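Secondary and tertiary structure notes
What follows is each chain in one-letter form.
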Amino acid sequence: GEHGMHFVHTGLYDTTIQVPLIMTLPGYQLSEPRLHELVELVDLRATFLDYLGLKTEDPTRGRSLLPLMSGQLGEQKDYVFSERAGRSLAALRTQDWKYIRHQRNSTVEKSYPFVDGFEELYDLRSDPHHLINLAGNLNMISIQESLRTRLLSHLKATRDPRIVGGEVDWDYYPYYGKTSTLGWK
């Protein structure tokens, strides 16, 4: 298994969270068959709304990918954000770096326990498979601090209750459906 995780992939490594995006829309032909821009799944909502000519009143983190699909550079992201279900981990990825911060203590996979405040830092140019954690390396302190600051700013901007205060109840997922199994209530 990847990183010693055989059945539960709890890390935020690219091989675990990267989703291939294959998209075509009538009226849009890519100028290049393959793009290497940083995009997030939240960009799909903005893209579809833009394509349909719909405006939304609510704020959205995503950006339309239509300019990229048309061969224009448009607004480029300098980082993308990801987090693990239950928000045990949060990560910020640039073209060259991946910074992961453990947000609480928890053990889902014994080979990869979550330890609140533990940090991971990977140089994606020389270590694309996230094998050498550079966090704490004296030569990497300024990069680590910069990425930590950016991640915490992102969490603040998105009103993460661990940063701005409020109830943190992500381990309770209410079920709103009906059960139809005989004998169940």
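Note that the coordinates shown come from a computational prediction; the quantities given were computed from them, not determined experimentally. (Residues numbered from 1 in each chain as written. Predicted model: local features only at pLDDT ≥ 70, side-chain atom pairs only at ≥ 80, totals over all residues. Heavy atoms only, no water.)

**Concerning the side chain of His102**
Counted only if it meets this: Helix and strand labels come from DSSP, where a helix needs a run of H or I of at least four residues and a strand needs a run of E of at least two; each type is numbered from the N terminus. N or O atoms closer than or at 3.5 Å make up a polar contact, with two conditions inside protein: a donor-capable atom paired with an acceptor-capable one, and, for residues adjacent in sequence, both atoms drawn from side chains.
Looking at the element boundaries, His102 is found in strand S3 (residues 97-102). A distance of 2.9 Å separates the side chain of His102 from the side chain of Glu120, its partner in a polar contact.

**Quick notes on the packing of aromatic side chains**
This is how the line gets drawn: Pairs were defined over the aromatic rings of Phe, Tyr and Trp, the Trp ring being its six-membered one, requiring ring centres within 6.5 Å. Orientation was assigned from the angle between planes: stacked under 30 degrees, edge-to-face over 60, tilted for the rest. The buried label goes to any residue with under 20% of its type's maximum accessible area, the exposed label to any with over 50%, and the partly exposed label to all in between, with areas taken from a 1.4 Å probe on protein chains only.
Enumeration according to the criterion identifies one aromatic pair in this entry. Taken together, a centroid distance of 6.0 Å and an interplanar angle of 75 degrees make the contact between Tyr13 and Tyr122 edge-to-face. With a gap of 109 residues between them, Tyr13 in the segment before helix H1 (14-17) and Tyr122 in strand S4 (residues 119-123) connect regions that are remote in the sequence. Here the two residues Tyr13 and Tyr122 agree in accessibility, since each one is buried.

**Re the side chain of Arg101**
We count it as follows: We call two residues contacting when some pair of their heavy atoms lies within 4.5 Å.
Within the secondary structure, Arg101 is located in strand S3. Looking at Arg101, its side chain comes within polar contact range of the side chain of Glu119, at 3.4 Å. Excluding its chain neighbours within four sequence positions, the residues that come into contact with Arg101 are Ser88, Leu89, Ala90, Gly117, Phe118, Glu119, Arg148, Leu151 and Leu152.

**As for the pairing of S4**
The criterion, for reference: At least two bridges found by DSSP between two strands are what make those strands a pair.
A large share of S4 lies buried, amounting to five of its five residues. Both faces of S4 are covered, namely the face carrying Glu119, Leu121 and Asp123 and the face carrying Glu120 and Tyr122. Across five bridges, the pairing between S3 and S4 is antiparallel. Its bridge partner being in S4, Trp97 is matched across the sheet by Asp123.

**As for the confidence of the model for the chain**
Note the cut-off: Note on scores: pLDDT gives the predictor's confidence for each residue, bounded by 0 and 100.
Looking at the chain, pLDDT values average 80 and 75% of them are 70 or higher. Looking at the elements of the chain, mean pLDDT is at its lowest for helix H5 (residues 161-164), recorded as 79, and at its highest for S4, recorded as 95.

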